[in-house]
Amino acid sequence: MRVEKFETWICKRPNGLFDEEREGAAPMPWSYGVGRITTSDGIEGIATFWAARSGAVTDAYLADVIAPVILGRSIHDREKIWHDFWNIDRHGAFFPVFLPGPIDVALWDAAARTAGLPLHRYLGSYRTSLPVYASSLWLPAIEDYVREALHYKERGFKAYKVHPCGPSSMDMAIHAAVREAVGPDMILMTDPVAEYTLPEAIRVARHLEQLGYYWFEEPFRDYELDKYAKLAAAVDIPIVGTETTRGGPWGVAQAIKADALDMVRADVSWKGGITGTLKVCHLAEAHGINCELHTTTMGPMDVANLHVACAVRNSEYFELFVPEDTFQLPMKQSLRDLMDADGNIHVPEGPGLGIDIDWDVVDGNCTSHRVFDAAKTAGA
């Protein structure tokens, strides 16, 4: 069960995530990568890779650093491969936070397919569904948030997360307007992706407590642990972070050790794949807190998130970036098809990830396609 072939595609995606202010001066094409491994027994495993800002960066890492590590390796040596990547990272690769996690997903996908099991059952299943929260983009006006929250409430969603556009005074107005519109029973969260001062964050947190919000996420940069600890000590609303924390489980451990957070974040793209995300979930569980999984903005990887969340106890919600069709490429299925009328998402029960890639979409939007072969590499 060795990796005989590794193929990569870099593809254009029509719609982006960031508004002009967050894009900054550098252009931001919203590309993505697709990876497919094929084993010596003909089993495939797939993953998608973040490639925003520069698909060329992702393409180069996949070709020059990822492929040589996995070709010829057993798909069952995932733990050793995972640690090999961390060793390579320390000695000069300095992977972006979104690499090499997805290749770990492809290895797990192939292993679960080999076993003929859906991934969550191969991992050890705890549940088969989770409640979904619709997670907004940065919207231009208060009424846009209100309209969107009501739309998803009407669709049966029980929870909605605001990404308010700032500054903090505007954020508080958005929070209040959304709560008034949806009523007292809908679960609300907020994630300003902010650079608040500590006094601003305390003021916003106390306002959120009055409004009955469930959690307050990322009011500071993730590495500002001292500010997080002071905020968490000053307010009652749960404080959530570590979405972008470097160092996988080791980085998250420092936040937990500092008593900086009430819940932590991870995902299979930014925390070292399924192997790394499971480590974060179990680390959090050992400290009595939840690990809420962060959207990867890519359908196949969000399904991998769902499998992981259904294989642990301490993850409560599934994050669905909306409008959802923008973020489900290049998956044939729609995440909407996995949801019921009560706002729950059900994990696929097919082998592995249980989803299919739309290869027509991949080929039609491909800007780079590479094939790496273990036999040729060994011969070289």
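A brief structural summary. (Residues numbered from 1 in each chain as written. Predicted model: local features only at pLDDT ≥ 70, side-chain atom pairs only at ≥ 80, totals over all residues. Heavy atoms only, no water.)

## Observations regarding unusual backbone geometry
Residue Pro 100 follows Leu 99 across a cis peptide bond; omega there is 0 degrees. Inspection of the secondary structure assignment puts Pro 100 in the loop between helix H3 (78-93) and helix H4 (101-115). Omega for the bond connecting Gly 166 with Pro 167 falls within 30 degrees of zero, at 0 degrees, which places this linkage in the cis form. Tracing the backbone shows Pro 167 in the loop between strand E5 (159-162) and helix H7 (168-182). (Helix = DSSP H or I, 4+ residues; strand = E, 2+ residues; numbered from the N terminus.)

## A look at the sheet that holds strand E1 (residues 3-11)
With antiparallel pairing, 4 strands are arranged side by side in an open sheet as E3-E2-E1-E13. Edge positions in the sheet fall to strand E3 (44-52) and strand E13 (366-373), since each has one partner strand and no second. With direction set aside, neighbouring strand axes in the sheet form an average angle of 15 degrees. Pairing of strand E2 (residues 30-39) with E3, which is carried by 9 bridges, proceeds in the antiparallel orientation. Across the sheet, Gly 35 pairs through a bridge with Ala 47, a residue of E3. (Pairing = 2+ DSSP bridges. Axes fitted to C-alpha atoms, helices over the stretch in contact; angles between N-to-C directions.)

## Overview of the packing of helix H8 (residues 198-211) against helix H9 (residues 225-234)
At a closest axis distance of 10 Å, the pairing of H8 and H9 adopts a crossing angle of 35 degrees. Considering how the two elements wind past one another, H8 and H9 form a crossing that is right-handed. Contact residues: H8 offers Leu 198, Ala 201, Ile 202, Ala 205 and Arg 206, while H9 offers Lys 227, Lys 230, Leu 231 and Ala 234. The residue makeup of the contact of H8 with H9, split by class, is 6 nonpolar, no polar and 3 charged. (Left-handed = near helix turned anticlockwise from the far one by under 90°. Contact = heavy atoms within 4.5 Å. Nonpolar A, V, L, I, M, F, W, Y, C, P; charged D, E, K, R; others polar.)

## Some points on helix H10 (residues 248-257)
Every buried residue of H10 is listed here: Gly 248, Pro 249, Gly 251, Val 252, Ala 255 and Ile 256. What you see down the axis of H10 is that its buried residues fit within an arc of 160 degrees, all on one side. Structurally, H10 contributes buried residues whose contacts are with H3, H9, strand E9 (263-266) and helix H11 (273-286). Where H10 terminates, the next one or two residues include Asp 259, which has phi positive at roughly 55 degrees. (Buried < 20%, exposed > 50% of the residue type's maximum accessible area, 1.4 Å probe, protein only. Arc of directions from axis to C-beta.)

## Digging into helix H12 (residues 299-309)
The element H12 is extensively covered by neighbouring structure, given that 11 of its 11 residues are classed as buried. Listing the buried residues of H12 in full gives Gly 299, Pro 300, Met 301, Asp 302, Val 303, Ala 304, Asn 305, Leu 306, His 307, Val 308 and Ala 309.

## Some details on the packing of H3 against H10
In the contact formed by H3 and H10, the axes pass within 11 Å of each other and the chain directions differ by 75 degrees. What the angle tells us is that H3 and H10 run roughly perpendicular. Residues Trp 82, His 83 and Trp 86 of H3 pack against Gly 248, Pro 249 and Trp 250 of H10. Looking at the contact of H3 with H10 residue by residue, the class counts come to 4 nonpolar, 2 polar and no charged. (Parallel < 35°, antiparallel > 145°, perpendicular 65-115°, else oblique.)

## Comments concerning the pairing of E9
If a strand is regular, its side chains alternate between the two faces of the sheet. Neither face of E9 is open: one carries Met 263 and Arg 265, the other Val 264 and Ala 266, and all of them are buried. Bridging between strand E8 (residues 239-241) and E9 involves 2 bridges; their strand directions are parallel. What sits directly across from Gly 241, in E9, is Val 264. When E9 meets strand E10 (residues 290-293), the two strands line up parallel, connected through 4 bridges. Counted as the bridge partner of Ala 266 is Leu 293 from E10. Read as a crossover between parallel neighbours, the route from E9 over H11 to E10 is right-handed. (Right-handed = clockwise from strand over helix to strand, strands pointing away.)

## Here's the deal with the nonpolar core
Formed by 122 residues in total, the largest nonpolar core has its most connected members in Phe 6, Ile 37, Tyr 160, Val 178 and Phe 216. Residues contacting Phe 216, with those up to four places away along its chain left out, are Thr 190, Pro 192, Tyr 196, Ala 201, Val 204, Ala 205, Leu 208, Leu 231, Ile 237, Pro 238, Ile 239 and Val 240. Core analysis: the second largest hydrophobic core is formed by 7 residues, Ala 159, Met 189, Val 240 and Met 263 among them. (Core = buried A, V, L, I, M, F, W, Y, C linked by side-chain atoms within 4.5 Å.)

## Structural notes on the environment of Ala 115
Mapped onto the elements, Ala 115 comes out in helix H4. Judged by relative accessible area, Ala 115 falls into the partly exposed class, the value being 41%. Separated by 238 residues in the primary sequence, Ala 115 and Leu 353 have C-alpha atoms spaced 12 Å apart.

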